[in-house]
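Residue-level structure breakdown
Single-letter residue listing:
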Amino acid sequence: MSFAHLGSTRSSHQRNHLLQTPDTFVRAPLPGMQGATAIVHAAPALGAKFVQYTAEMQPGGQLGPIHSQRFLYVMEGDITAAQHQLRTGSYAVLPEGDASLVRAASASRVVVIEKKYQALDGVPIPTLLVGHETDVEERPLDGDPALRVRMLVPEGPNYDFAVNTMTYDPGGSLSMVEIHVMEHGLLMLEGQGIYRLGDLWYPTAAGDFIWMAPYCPQWFGALGKTPAKYLIYKDWNRRPI
Ligand code: UGY
Ligand code: MN
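This text gives an overview of the structure that appears in the document. Remember, predicted model here, so these are calculated numbers, not experimental data.

**Section: the nonpolar core**
Counting residues in hydrophobic clusters, the biggest one holds 26 residues, and the most contacted among them are Phe71, Tyr73, Leu152, Val163, Trp211 and Leu231. In terms of residue count, the dominant contributor to this core is strand E5 (residues 69-76) (three residues). When residues no more than four places from it in sequence are discounted, the contact partners of Val163 are Phe71, Ile113, Arg150, Met151, Leu152, Val153, Leu231, Ile232 and Tyr233.

In structure tokens form, the structure reads like this:
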């Protein structure tokens, strides 16, 4: 039973992290959206150097073009981006300067990450990338078969961010508390578990969003009878200064 109407929530906003649970989501269209609305999870107003939102799109709805690069991951539905059809589990990186519209063919829910591209001398900017999650090889993290990673964005210095899916079998966990310079935007896609953020431990489940600031201590362990899976963004391949 939810006690949201009595002022209770699992959500928490701390100096170095945000846990945003679905009962606290607020929807509003962003400029250029038609037949679509956004739940903005991470933005510069939070301290993040990227923007992440969930776009909820009606059939025929669209996201307007933007100047910065855009990553898309389809959680549900069918969309068209840069003349490519994306279905549930498909993803795309639209490079900076790509003025294409993103349109929904059916009712869709899409992870959208927008980031100003950080150029590197002598390195060409990435071209359009389209892929499907299950076509990406799953690799055990640090040799642990209970925790598997798919790197959706190819390795290489022309990309200045990474987006991975991480799947934990029940009982699987990160082998250490990580503390690192990269920040994260994370959306829980399946299952449940305990997330340590800073000095706090949170029950988390599918639908939750987490932002982790640089150096936020972080650890996750999966609970329940089914695997837990999340989509995780980090800044990547660039010098800290
Ligand atoms: O890529 C990562 O830093 C990842 N292992 N972090 C995390 O799952 N919190
Ligand atoms: Mn991490």
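**Regarding the coordination of the manganese ion (ligand 2)**
Those donors, Glu178 (OE), His180 (NE2), His184 (NE2) and Gln218 (OE1), are the protein atoms that reach the manganese ion (ligand 2), and they lie 2.1 to 2.2 Å from it. Taken together, the six donor atoms coordinating the manganese ion (ligand 2) span angles of 76 to 177 degrees at the metal, a pattern that classifies the geometry as octahedral. Within one chain, the residues donating to the manganese ion (ligand 2) are spaced in sequence as E-x1-H-x3-H-x33-Q.

**A word on the site of ligand 1**
Taken together, Met166, Leu174, Glu178, His180, His184, Tyr195, Gln218, Tyr230, Ile232 and Lys234 make up all the residues around ligand 1. One of the side-chain N or O atoms of Gln218 is found 2.8 Å from a nitrogen atom in ligand 1. A distance of 2.7 Å is found between an oxygen atom of ligand 1 and a side-chain nitrogen or oxygen belonging to Lys234. When residues in the shell around ligand 1 are grouped by element, the largest group, three residues, is from strand E20 (residues 228-235). Residue classes in the shell around ligand 1 are distributed as five nonpolar, three polar and two charged.

**Details of the sheet that holds strand E13 (residues 144-151)**
Spatial ordering of the open sheet is given by E1-E2-E18-E15-E20-E14-E13-E12, a layout of eight strands whose pairing is antiparallel. Looking at strand neighbours, the two that pair on one side only are strand E1 (12-14) and strand E12 (139-141), the edges of this open sheet. Put simply, the sheet's adjacent strands are angled 25 degrees from each other on average, direction ignored. Two elements, strand E15 (residues 184-190) and strand E18 (residues 209-212), share four bridges in a ladder whose sense is antiparallel. If you follow His184 over to E18, its bridge partner there is Met212.

**Quick word on the sheet that holds strand E16 (residues 192-197)**
Pairing in this open sheet of three strands is antiparallel, and the strands run E17-E16-E19 from one edge to the other. Looking at the sheet topology across the chains shown, the edges are occupied by strand E17 (200-205) and strand E19 (218-223). Averaged over all pairs of adjacent strands, the angle between their axes in this sheet comes to 20 degrees, without regard to strand direction. Of the pairings in the sheet, the one linking E16 to E19 comprises six bridges and is antiparallel in character. Following the sheet pairing, Gly193 is matched in E19 by Ala222.

**Quick notes on the pairing of E16**
Of the pairings in the sheet, the one linking E16 to E17 comprises six bridges and is antiparallel in character. Residue pairing in the sheet places Gln192 in a bridge with Ala205 of E17. In textbook terms, the turn of a hairpin is the stretch between consecutive antiparallel strands, and for E16 and E17 this stretch comprises two residues, one of which, Gly198, has a positive phi near 60 degrees.

**Details of the packing of aromatic side chains**
With the rule as written, the count across this model stands at nine aromatic pairs. Consider the rings of Tyr168 and Phe220, whose centres lie 4.8 Å apart with planes at 75 degrees: the pair is edge-to-face. Placement of the pair is Tyr168 in strand E14 (residues 161-168) and Phe220 in strand E19, with a sequence separation of 52 residues. Residue class for Tyr168 comes out buried when judged on its relative accessible area of 0%. Put simply, the rings of Phe50, Phe71, Tyr91, Phe161 and Tyr233 pair up and form one aromatic cluster. The ring of Trp236 carries Lys234 above its face, with NZ or CZ at 4.2 Å from the centroid.

**Thoughts on the side chain of His17**
Relative to the helices and strands, His17 is located in strand E2 (residues 17-20). According to the relative accessible area criterion, His17 is buried, its value standing at 2%. A polar contact of 2.9 Å, which involves the side chain of His17, links it to the side chain of Asn16. Residue contacts for His17: discarding those within four places in its chain leaves Ser12, Leu197, Gly198, Leu200, Tyr202, Trp211 and Cys216.

**Some points on the side chain of Arg196**
Following the sequence through the fold, Arg196 ends up in strand E16. Judged by its relative accessible area of 18%, Arg196 falls in the buried class. Discounting residues that sit within four places of it in the chain, Arg196 has contacts with Val177, Trp201, Pro217, Gln218 and Trp219.

About the cut-offs
- Residues numbered from 1 in each chain as written.
- Chains lettered and ligands numbered in written order.
- Predicted model: local features only at pLDDT ≥ 70, side-chain atom pairs only at ≥ 80, totals over all residues.
- Heavy atoms only, no water.
- Core = buried A, V, L, I, M, F, W, Y, C linked by side-chain atoms within 4.5 Å.
- Buried < 20%, exposed > 50% of the residue type's maximum accessible area, 1.4 Å probe, protein only.
- Helix = DSSP H or I, 4+ residues; strand = E, 2+ residues; numbered from the N terminus.
- Contact = heavy atoms within 4.5 Å.
- Donors = N, O, S within 2.8 Å, 3.2 Å for Na, K, Ca; no water.
- Tetrahedral: all angles 85-135°; square planar, octahedral: opposite > 155°, others 65-115°.
- Near = heavy atom within 4 Å.
- Polar contact = N/O pair within 3.5 Å; in protein donor to acceptor, adjacent residues only side chain to side chain.
- Nonpolar A, V, L, I, M, F, W, Y, C, P; charged D, E, K, R; others polar.
- Pairing = 2+ DSSP bridges.
- Axes fitted to C-alpha atoms, helices over the stretch in contact; angles between N-to-C directions.
- Phe/Tyr/Trp six-rings, centres within 6.5 Å; stacked < 30°, edge-to-face > 60°.
- Lys NZ or Arg CZ within 6 Å of the ring centre and 35° of its normal.

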